[in-house]
Amino acid sequence: MGSATSAWFDVRRLEEWLTGRLNDGRGVNVLTVERITGGQSAETYRLRTLFAGPDGAQERGLVLRRDPEGGLVERDIAREFGVMRALADSPIPLPRVYALELDPGWLGRPFFVDEALPGTADRNLFNAPAFAAHRPLLGAQFVDLLAKMHRLDVDKWNLAFLGSPGEGRLPALREVDLWEDLFRRRQREPNSLLVEAFLWMRANAPLAPRVSLVHGEYRPGNFLYDGPRLIAVLDWEYAHLGDPNEDLGWAFMKQFRVGDCESGFFAREEFLERYEAGAGWAVDREAVRFWEVFSNMKVVCIGITGQDAFCRRTMDFAPFAAGPTMNVYAEIVRLTGL
Amino acid sequence: MYLPPLAEILEGLQRALQRSVIPALDDPYARTIAMRVCGELGTLAGRLVDVRRWCELENAEARLALQSALDALAPADGEASALADLRATVAAALAREFPSDQPDRSEQSLAAEGQVLGGAIETAILRLHELQRLQPADASLAQAREALRAVIRAQAVRRDPGLDAAQIQHRN
């Protein structure tokens with residue numbers, strides 16, 4: 001069967017790589033390449049492939065994640081791959097990763113390949129009429145999985161390579177440091193609101209209840225679902241060890257809220273009560289407010305770096321030309337009371 | 001060489017994408033990106049129409065906030081003090097000359113003024129923060145900081161018409 005062509009990379013080189021790395025030198029045909037719309041921190045492609053074998057050819061679906069030419073924030077693809085590999089046999093459902101390639105000689109930039117799972121990852125799933133019936137069940141899995149992830153023993157699952165964030169207020173302060181540094185390096189104009197926000201966050205950094213695996217972008221659109229079943233959590237590029245409340249702050253951002261339902265699922269208290277029951281510890285509501293401010297700041301910083309990348313021509317993605325989403329600023333003001 | 005206003009050019013490009021390009025795209029990724037580019041062209045066109053009024057308004061607000069902050073701060077005892085340094089920074093930004101009385105002033109010139117004033121506000125906030133840590137009871141420092149925060153709030157509200165000032169919770 002003929003191989004696909006792609007505007008994005010050399011399919012022959014990919015076939016050669018797949019043959020050597022995933023099929024013991026037997027041939028691999030790439031039948032189709034479909035680029036998936038999603039985050040701009042990594043390019044994602046769905047591949048339909050044919051693996052030659054002693055008993056005939058077998059069709060396999062794969063996903064290829066490649067570093068972008070110039071992303072929004074500096075990312076470490078080996079780290080993302082490492083987290084996914086470490087969690088492969090954990091209670092957290094996620095795609096199984098197969099191989100990482102850091103040599104840009106193959107496809108121009110580093111990439112890794114993982115399994116293609118069924119299901120949909122739709123950030124706007126709440127608008128789909130079919131979703132309404134699945135909301136309670138999907139929501140329950142969304143919250144329970146978050147609690148389960150935060151309860152994981154980071155040593156048992158070999159996640160220590162992510163680096164210790166320290167204890168007490170250090171996890172929060174470390175994240176603030178990272179993002180303030182990024183903001184300072186990439187800002188193209190003064191931004192006094194963010195300056196005030198960073199000062200507020202330093203003054204209000206909460207105590208971490210424990211050190212957990214933090215997904216860093218836990219929200220609708222970053223998981224696969226099929227009807228009422230949550231199949232896998234995706235997009236691990238921001239994963240790190242830190243304060244578990246950070247993920248709650250992200251999931252509670254205004255932009256993911258539908259009516260009064262956080263991430264489109266439950267009203268805040270209902271969400272938190274379910275999470276507390278799963279996690280086994282009480283959540284400090286004020287700490288969650290801190291992480292909401294942090295998350296909104298992070299969105300602004302991502303917009304700033306996107307605009308900077310566009311202006312430096314390291315990224316052609318025009319939707320970032322205008323910079324951060326404007327209403328996020330107002331949300332920071334509302335939450336901090338500046 | 002005559003060129004139509006930039007906003008109209010962007011709107012024209014947006015229409016071309018909407019009518020001739022997007023309907024012909026079969027690839028879902030290309031279609032989604034084209035739609036986003038289309039939306040962004042509209043946003044940028046809208047901003048270009050308002051950019052002069054926007055810059056003039058925000059520059060005037062920033063200038064007023066810096067002047068209020070300066071007025072709130074008592075003259076420093078010593079020339080080398082942190083307070084004197086702060087006053088000098090704010091005064092220098094306010095004294096920078098921009099041809100604000102010219103009706104045909106370019107957007108670039110307005111934006112440059114905004115950068116200078118915005119930079120001064122950023123610096124002033126950081127220095128006020130340090131001074132307040134040393135002298136938490138100093139009312140003039142708090143007053144100066146509040147003058148600068150007022151302009152931040154005004155600009156945030158302007159960027160989100162859905163946020164009424166009354167919604168802002170003062171919880172500090």
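Scroll up to find the structure.
These numbers were taken from a predicted model, which means no experiment stands behind them.

A. Spatial organisation of the overall build of chain B. Along the backbone of chain B there are 5 helices and 0 strands. A buried classification covers 20% of the 172 residues belonging to chain B.

B. Up close: the sheet that holds strand E1 (residues 28–36) of chain A. All names here are of chain A. Here we have 5 strands laid out as an open sheet, ordered E1-E2-E3-E5-E4, and antiparallel in their pairing. Among the strands making up the open sheet, the edge pair consists of E1 and strand E4 (97–101). Pairwise comparison of adjacent strand axes, ignoring direction, gives a mean angle of 25 degrees for this sheet. In this structure, E4 lies alongside strand E5 (residues 111–115), joined through 4 bridges in antiparallel fashion. Bridge pairing in E5 places Glu101 opposite Phe111. The strands that helix H2 (residues 77–86) touches are E4 and E5; relative to E4, the one it contacts most, it runs at about 160 degrees.

C. Representation of the pairing of strand E3 (residues 58–66) of chain A. All names here are of chain A. Direction of pairing for strand E2 (residues 43–51) relative to E3: antiparallel, over a ladder of 9 bridges. What sits directly across from Thr44, in E3, is Arg65. If you look at the hairpin formed by E2 and E3, you'll find 6 residues sitting between the two strands, and Gly56 has a positive phi there, around 105 degrees. In this sheet, E5 lies alongside E3 in antiparallel orientation, the contact comprising 5 bridges. Opposite Arg65, over in E5, you have Phe112 as the bridge partner.

D. Structural view of unusual backbone geometry. All names here are of chain A. Notably, Asn158 is not glycine yet its phi reads approximately 55 degrees, a positive angle. Structurally, the position occupied by Asn158 is in the loop between helix H3 (131–151) and helix H4 (170–186). Of note, Ser263 is a non-glycine position whose phi angle comes to about 55 degrees, a positive value. Its location among the elements puts Ser263 in the loop between strand E10 (261–262) and strand E11 (266–267). Overall, the presence of 23 C-beta atoms within 10 Å leaves Ser263 in the buried class.

E. Seen up close, the environment of B:Asp50. With respect to the helices, strands and loops of the structure, B:Asp50 is situated in helix H2 (residues 28–72). Note: C-alpha distance between B:Asp50 and B:Ala7 (43 residues apart in sequence) is 9.8 Å.

F. Structural context of helix H3 (residues 82–95) of chain B. Residue and element names in this part refer to chain B. Taking 1.5 Å of rise per residue, 14 residues should cover 20 Å, and H3 covers 20 Å from first to last C-alpha, within 8% of that figure. Taken together, the buried positions of H3 are occupied by Leu83, Leu86, Arg87, Val90 and Ala93. Looking straight down H3, one finds that the buried residues subtend no more than 130 degrees of arc, so they occupy a single side. Turned more than 90 degrees from where H3 packs its buried face, Ala88, Ala92 and Ala95 sit exposed. The inward-facing, buried residues of H3 abut H2 and helix H4 (107–134).

Conventions used here
Residues numbered from 1 in each chain as written. Chains lettered and ligands numbered in written order. Predicted model: local features only at pLDDT ≥ 70, side-chain atom pairs only at ≥ 80, totals over all residues. Helix = DSSP H or I, 4+ residues; strand = E, 2+ residues; numbered from the N terminus. Buried ≥ 20, exposed ≤ 12 C-beta atoms within 10 Å, placed from the backbone. Pairing = 2+ DSSP bridges. Axes fitted to C-alpha atoms, helices over the stretch in contact; angles between N-to-C directions. Contact = placed C-beta atoms within 7 Å. Expected span 1.5 Å × (residues − 1). Arc of directions from axis to C-beta.

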